[in-house]
Structure formats: C-alpha cells, structure tokens
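Structural features, examined
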Amino acid sequence: MTSTVDLLAYIPSPPQGVWYVGPVALRAYALFIILGIIVAIVWGDRRWVARGGEKGTVLDIAIWAVPFGLIGGRLYHVLTDWPAYFGENGTPLDALKVWQGGLGIWGAVFLGGIGAWIGCRRRGIPVSALGDAIAPGILLAQAIGRIGNYFNQELYGRETTVPWGLEIFERVNSSGQLDQLAGVSNGEVIRVVHPTFLYEALWNVLIVILLVLVDRRFKIGHGRLFALYVAGYCLGRFVVELMRDDFAYEIAGIRVNTFTSGIVFFAALAYFVLAKKGREDPADLKSKNYVPAVSAGEAGAATPVTESDSAKADTKADAKATESDSPQSDSGEASASTAATDESSDAVKLSKNDKP
C-alpha cells in the first residue's frame, strides 16, 4: 500500500486528456502532434536556408511528407498491435480512429520519407540534404508529441516506488463508466509507474542538442546527420521498451518495437559510417525550376521562371540585336556607296587621260 507521504513525491497525471467545446472534442494528443509538426517545419526551413536552400522549401515538402507520415505511423501501430483490432475480440473499425492515439514512429519515418522523396523529386533537390536539415526538428517534434501521451495516460512503464513515479488515475465518463482515454479522473490512483514517455522525451531533447553541436562542428551532410538522428533515437527507444509492461505484440517473447529499434539502429549506424563525407554544395540545394533573383536590394531570393518571362527576355534580346545590327548595316551600305562613287570618279579621270 502506498503511503500519503510517498504520493506527495510522485508526478500526477492530468485529470483528463479531452475537452469538449460544444460537439467539438479538443484532444491533447492531437494538439501536441500538430504543435510538433509546426516546430519541425519552421525550424527545419531555417536550417535549410542556412545550408543554402530556398525559403519555403520545407513547407512544400511537408505537404507530401506529413500525410504520408501519419498514414505510415498508423499502419505500423495497427500491424504491430493487430490483435487489438483484428483479434478475437477486436474491432476493425477502431483502426481508423487515429484520434484515440497510436502512431508508430517507424512507420511514420518510413512512409514520411517516401513522401519527402516525392516532394524533393518534384523540386529537383536531394532528399538526403533535406533530411539533414530537418532531423533535429523531427526529433524535437517527437519529444513534444510525447506530452500528448502524458495526457492520454499511455506509454508508461512498470510499477515503481521511485520519487518521480507517475500516478495513473482512474478516469470515468459522464455516465460513470470507466474511460481511461476520454474520461475524467475521479481521484483514485490505480498504480504508480515509470514515466517512460518522459524518459524518451528527455532523451530526444538530449539527442537534438547533440545533433546541432555535431552539425556545427563537423558540417556533415549527404544524409549522415539524419542517420545519426535515427541511430540516437533507436538507442534510447531500445532501453525504454525494456522498461514497459503494457500490452504489445511480441516475437519470441520480445516486443516488436525492441526488435525494430535494434535493427534500425545498426542500419542507421552503417549508413553513417559508409555514406559520403562532407556536405553538399549550396548550389545543389536550389530547386531546378527556380533561379536566383535580386529584388528590393536583397540577393538570393528565388522566383519561378515562366514562359511569359522567357518570351519577354527573348523579345528584349531580339530588340537589342536589331539595334546593334542596324548601325552596322547602315555603315556597310554607306561604305559600299562611297566605294562605288570613288570607282566612278576614277573611271572618269582615266577616260579623260586616255583621250588623244
């Protein structure tokens, strides 16, 4: 039995994770996911510009990467926890209820990477360079997203007596029925557990700082910083998975996420070691359908080249060529006329001299 003194030292969970404004449900999990995405895009774009890319590129790529990432994250979660949806007592339609939580980072990164590749292909920029620019922002977004898990009372570890243990409250809905996700706390503590979501969030922030320092010191590129992000995250996730005891699909008694963390860690580490050293030329980060322009005294701005612009440029070039050719033509004709006059004059003089 936990004493009152011990409870005072523990971290309390939020009383609820969902608020209703009329019929609209405001879910903390979704809000923190959105906030993380915004932070990743804004910071990633600044880093991209600092590397020599064009402002707004990351937002354009995010239009492809974010939807792909959300779909990939949900697919991974459903596949690795398939009994909850397609098992004997599962509800298949619940697989579509993303608002109830459940996004696997591995699927999000994989399909999100495919979406980013499509966006980069359309703009003609290297996806590896983009990955290096957005890597710290993505990991910081993951840390922010973990706060949503805190409000949902999920992704926690085994029971513990450490002072920073997390209190898990019983939540009930308006009808008094148990509803841990959308209900409101009734004040009863069910258990005190390791806040593994907090451990992961703090680890993510530490790796973010490491990525920024390494990037500034060594100027790495060609996807190697992104690989370092993946490896660093996997290392922390591997340890966190060993501390969890909530339900998860297992292979040979080992959680799937533990397997995934280990495999992806070594793959990312291999890429980091074997990939090309150095950093891309800033000129390679410019979109192929954009050209540098100078506007209002600012250099380095990028404006699209349109067919009308090209036609105007050709017209101006033709006009200049005509102007430059006209004096030469007039000069040539005048010279020819002068030469003809001189020849006629010489002929007249010769004819006079030849008379007897």
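Residues numbered from 1 in each chain as written. Predicted model: local features only at pLDDT ≥ 70, side-chain atom pairs only at ≥ 80, totals over all residues. Heavy atoms only, no water.

1. Some words on the packing of helix α3 (residues 57-80) against helix α5 (residues 105-123)
For clarity, the cut-off: Comment: axis = line fitted to C-alpha atoms, over the contacting stretch for helices; angle = value between 0 and 180 degrees taken between N-to-C directions. By the criteria applied, helices consist of DSSP H or I runs no shorter than four residues and strands consist of E runs no shorter than two, each listed in order from the N terminus. Between 65 and 115 degrees an angle is taken as roughly perpendicular, under 35 as roughly parallel, over 145 as roughly antiparallel, and anywhere else as oblique. The sense of a crossing depends on the near helix, which, turned anticlockwise from the far helix by less than a right angle, makes the crossing left-handed and, turned clockwise, makes it right-handed. Here the nonpolar group is Ala, Val, Leu, Ile, Met, Phe, Trp, Tyr, Cys and Pro; Asp, Glu, Lys and Arg are the charged ones; every other residue, Gly included, is treated as polar.
The contact between α3 and α5 brings their axes to 6 Å, and the two run at 150°. The angle between the axes of α3 and α5 places the two elements in the roughly antiparallel class. Classified by chirality, the crossing of α5 by α3 is right-handed. Class assignment for the residues of the contact of α3 with α5 results in 14 nonpolar, eight polar and three charged.

2. Considerations on helix α9 (residues 256-274)
This is how the line gets drawn: The span expected for a helix works out to 1.5 Å for each residue beyond the first. Exposed residues in this analysis have more than 50% of their type's maximum accessible area, buried residues have under 20%, and partly exposed residues fall in between, with area computed by a 1.4 Å probe over protein chains only. The contact criterion used is simple: two residues touch if any of their non-hydrogen atoms lie within 4.5 Å.
The terminal C-alpha atoms of α9, which comprises 19 residues, lie 27 Å apart, in line with the 27 Å expected from a rise of 1.5 Å per residue. For α9, the complete set of buried residues consists of V256, N257, T258, T260, S261, G262, F265 and A268. Looking at the buried side of α9, the elements it contacts are α3, α5, α8 (224-243), β6 (250-251) and β7 (254-255).

3. A short note on the pattern of salt bridges
Which entries qualify depends on this criterion: What counts as a salt bridge is simple: a side-chain nitrogen of Lys or Arg found within 4 Å of a carboxyl oxygen of Asp or Glu.
Under the criterion given, the structure shown has 12 salt bridges. The residue E159 makes a salt bridge to R191 at a minimum N-O spacing of 3.9 Å. Residue E159 is located in the loop between α6 (127-152) and β4 (166-172), and its partner R191 is located in strand β5 (residues 184-193); the two are separated by 32 residues in the primary sequence. Salt bridges sharing partners connect three or more residues here, namely R146, E200, R237, E241, R244 and R255.

4. Looking at the packing of aromatic side chains
Heads up, the condition is: Between the rings of Phe, Tyr and Trp (Trp by its six-membered ring), a pair exists once the centres lie within 6.5 Å; its type follows the angle of the planes, with under 30 degrees stacked, over 60 edge-to-face, and the other angles tilted. In this analysis the charged atom, NZ for Lys or CZ for Arg, is taken to sit over a ring once it is within 6 Å of the ring centre and within 35 degrees of the ring normal.
All chains considered together, the criterion is met by seven aromatic pairs. Between the aromatic rings of W106 and Y233, the centroid separation amounts to 5.6 Å while the plane-to-plane angle is 55°, which identifies the pairing as tilted. Of this pair, W106 sits in helix α5 while Y233 sits in helix α8, and the two are 127 residues apart along the sequence. Relative to F151, the ring of Y150 lies with its centre 5.7 Å away and its plane at 70°, an arrangement referred to as edge-to-face. Members of the aromatic cluster, connected to one another through ring pairs, are W19, F32, Y150, F151 and F197. R217 extends its terminal NZ or CZ atom over the ring of F218, reaching a point 4.9 Å from the ring centre. R224 extends its terminal NZ or CZ atom over the ring of F272, reaching a point 4.3 Å from the ring centre.

5. Topic: the pairing of strand β3 (residues 24-27)
Keep this limit in mind: When DSSP finds two or more bridges between a pair of strands, those strands are recorded as paired.
Sheet analysis places strand β2 (residues 18-21) next to β3, joined by four bridges and oriented antiparallel. Of the residues in β3, the one forming a bridge with V21 is V24. Connecting β2 to the antiparallel partner β3 that follows it, the hairpin turn spans two residues, and G22 within it adopts a positive phi of roughly 65°.

6. Regarding the packing of α5 against α6
Following both chains from N to C, one finds α5 and α6 inclined at 145°, their axes separated by 12 Å at the closest point. In terms of crossing hand, the pair formed by α5 and α6 is right-handed. Side by side, α5 and α6 meet where I105, A116, W117 and C120 of the first sit next to V127, L130 and Q142 of the second. Here the contact of α5 with α6 is composed, by residue class, of six nonpolar, one polar and no charged.

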